[in-house]
Amino acid sequence: MPLSIRLAVNGEPRDVVLDDPRATLLDVLRDRIGLTGSKKGCDRGQCGACTVLVDGRRINSCLALAVSLDGAEVTTIEGLAQGEDLHPVQQAFIEHDGFQCGYCTPGQIMSAVGLIGEGGAADPEHVREGMSGNICRCAAYPGIAAAVADAQRRMAGQKG
Ligand code: FES
Ligand code: FES
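The next subject is the nonpolar core. Note that soluble globular proteins tend to have their nonpolar side chains buried in a common cluster. Membership of the largest hydrophobic core comes to 23 residues, with the highest contact counts inside it found for Val-89, Phe-93, Ile-109, Met-131, Ile-144 and Val-148. For this core, the secondary structure elements donating two or more residues are α2 (88-95), α3 (105-117) and α5 (141-159). Broken down by element, this core gets its largest block of residues, 6 residues, from α3. In contact with Val-89, not counting residues within four places along its chain, are Ile-109, Ala-112, Val-113, Ile-116, Ala-151 and Met-155. Formed by 18 residues, the second largest nonpolar core is a distinct cluster that contains Val-9, Ala-23, Val-28 and Leu-35.

Structure below.
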């Protein structure tokens with residue numbers, strides 16, 4: 001029997017009828033809502049390409065059953081920029097060359113936003129540890145780590 005859920009995706013209410021109760025949040029975002037920024041890498045929780053925020057916490061959307069998220073607030077890479085103004089993490093990835101092919105980048109950026117929201121990372125080692133669930137096959141790790149650390153500094157400055 002089809003199940004109906006309501007999500008708030010990037011601040012907009014989205015009603016979705018699920019024909020398959022096993023549908024993942026990633027598939028709902030990409031195939032039903034048309035937000036293809038979240039990428040499918042491994043589809044088994046191992047690469048982080050599908051990372052989104054659910055109620056402010058980062059998750060692998062390929063592992064989350066959509067039916068279990070009725071009423072949740074979901075933020076995807078498409079929801080970060082404010083019009084023409086990039087989010088500080090997006091800006092930092094550009095400035096620090098935090099990508100090559102870009103396939104992992106939406107997940108890296110969402111994970112970084114989640115990490116900073118969790119209180120951030122005290123030093124480069126903790127940045128690497130906090131981002132360890134996000135794999136980059138292009139090995140752009142030095143730029144990614146520098147971008148996360150820089151964005152964290154800027155966002156702390158904005159708060160203060
Ligand atoms: Fe979700 Fe790899 S696609 S962790
Ligand atoms: Fe290519 Fe990370 S930039 S996989």
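Bringing unusual backbone geometry into the picture now. Most of the time, phi is negative for any residue but glycine, and the peptide bond is trans. Although it is not a glycine, Asp-55 adopts a positive phi angle of roughly 50 degrees. Looking at the secondary structure, you find Asp-55 in the loop between β3 (51-54) and β4 (57-60). Located in the positive-phi region is Ala-139, a residue other than glycine, with phi close to 55 degrees.

For the coordinates displayed, the defined rule picks out 9 salt bridges. Of the charged contacts in the structure, one is a salt bridge between Asp-27 and Lys-40, with a shortest N-O distance of 2.9 Å. Note that Asp-27 is positioned in helix α1 (residues 25-32) and Lys-40 in the loop between α1 and β3, a separation of 13 residues in sequence. Taken together, the shared-partner salt bridges in this structure form one network comprising Glu-95, Asp-150, Arg-153 and Arg-154.

Okay, the sheet that holds β3 next. With respect to topology, 5 strands assemble into an open sheet ordered β2-β1-β5-β3-β4, the strand pairing being mixed. In this open sheet, the two strands that pair with only one neighbour each are β2 (12-18) and β4. Pairwise comparison of adjacent strand axes, ignoring direction, gives a mean angle of 40 degrees for this sheet. In the sheet, β3 pairs with β4 via 4 bridges, with the strands oriented antiparallel. Counted as the bridge partner of Val-52 is Ile-59 from β4.

Of the two faces of β3, the one lined by Thr-51 and Leu-53 and the one lined by Val-52 and Val-54 are each fully buried. The loop that links β3 with its antiparallel partner β4 comprises 2 residues; one of these, Asp-55, has a positive phi angle of about 50 degrees. Judged from the 2 bridges that link them, β3 and strand β5 (residues 73-75) form a sheet pairing that is antiparallel. Within β5, the residue paired with Val-54 across the bridge is Val-74.

So, how was this worked out
Residues numbered from 1 in each chain as written. Chains lettered and ligands numbered in written order. Predicted model: local features only at pLDDT ≥ 70, side-chain atom pairs only at ≥ 80, totals over all residues. Heavy atoms only, no water. Core = buried A, V, L, I, M, F, W, Y, C linked by side-chain atoms within 4.5 Å. Buried < 20%, exposed > 50% of the residue type's maximum accessible area, 1.4 Å probe, protein only. Helix = DSSP H or I, 4+ residues; strand = E, 2+ residues; numbered from the N terminus. Contact = heavy atoms within 4.5 Å. Salt bridge = Lys/Arg side-chain N within 4 Å of Asp/Glu carboxyl O. Pairing = 2+ DSSP bridges. Axes fitted to C-alpha atoms, helices over the stretch in contact; angles between N-to-C directions.

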